[in-house]
Amino acid sequence: MVQLDFPASGCRHKMHQFAFCLLADEDLAEEVTAAAFAMAIRNVDEAKTFPCGLSWLFVNLWRVVRPALVQQSAYARTARFSRMTILDIPATERAVLVLTDGFSFDTALTARICETTEADVIDVLRRARGKLQRIARIGAPNPHSSNLVH
C-alpha cells in the first residue's frame with residue numbers, strides 16, 4: 001500500500017468538487033475522480049514535484065477529465081439554453097477560473113496543473129472572468145421590472 005504524506009480523503013472531496021464544476025454531472029464527476037485518484041496512486045513519485053498534494057491530484061484529474069470535456073464541448077455547441085450559465089464558459093476557462101479563484105492557486109501552479117503556459121492561463125483567466133461577469137449581469141434581476149417581489 002502506498003503511503004501519502006497528506007490527508008487524501010479531504011483532497012478527494014475537493015477533486016470531486018472540481019470535477020463537478022467542470023462536468024456538471026454528479027455521476028461523471030464521481031467516476032473521473034475515482035479514475036484520477038487511482039492514476040495518482042500509480043504515479044505517487046510525481047507528487048514530490050508539486051508544492052501540495054492537492055495540486056498533484058488536480059493534475060491527474062485534469063488528465064482524466066480532459067477527454068470528457070471535449071465531448072461536452074461538442075454537445076454545448078448544439079444545445080440551446082434559455083439562460084447563460086457557468087457551463088457556457090468553455091471548460092478550459094472554467095478550470096482555470098475554479099483553480100485560481102476557487103481554490104486560490106497562483107497562475108504558475110494553475111498552468112502546471114492544466115499543462116499549459118502561465119501566459120495562457122493569464123489570458124484564459126481574463127476571458128473567463130469577463131464571461132462570468134456577463135453571466136452575473138444576465139442573471140441579475142432588473143431593478144426597473146414591475147415583477148419584483150418586495
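Keep in mind that what you see is a predicted model, and the values were worked out from it rather than measured.

Attention now moves to the pattern of salt bridges. Following the criterion strictly, the structure yields 10 salt bridges and no others. Where R63 meets E115, a salt bridge forms, and the shortest distance between an N and an O atom there is 2.8 Å. One end of the pair, R63, is in helix 3 (residues 53-78); the other, E115, is in the loop between helix 5 (107-113) and helix 6 (118-139), and 52 residues separate them in sequence. On the accessibility criterion, E115 (38% relative accessible area) is partly exposed. Beyond isolated ion pairs, a larger network of salt bridges with shared partners links E93, D123, R126, R127 and K131.

Now for helix 4 (residues 91-102). Most of helix 4 is tucked away: 9 of the 12 residues are buried. Taken residue by residue, helix 4 has A91, E93, R94, A95, V96, L97, V98, L99 and T100 as its buried positions. With its phi angle positive at about 60°, S104 sits one or two positions after the end of helix 4.

So, about the environment of A47. With respect to the helices, strands and loops of the structure, A47 is situated in the loop between helix 2 (26-42) and helix 3. Sequence spacing of A47 and L57 is 10 residues, and the spatial spacing of their C-alpha atoms is 8.0 Å.

About the cut-offs
Residues numbered from 1 in each chain as written. Predicted model: local features only at pLDDT ≥ 70, side-chain atom pairs only at ≥ 80, totals over all residues. Heavy atoms only, no water. Salt bridge = Lys/Arg side-chain N within 4 Å of Asp/Glu carboxyl O. Helix = DSSP H or I, 4+ residues; strand = E, 2+ residues; numbered from the N terminus. Buried < 20%, exposed > 50% of the residue type's maximum accessible area, 1.4 Å probe, protein only.

Take it as geometry only, folks, not as evidence of what the structure does.
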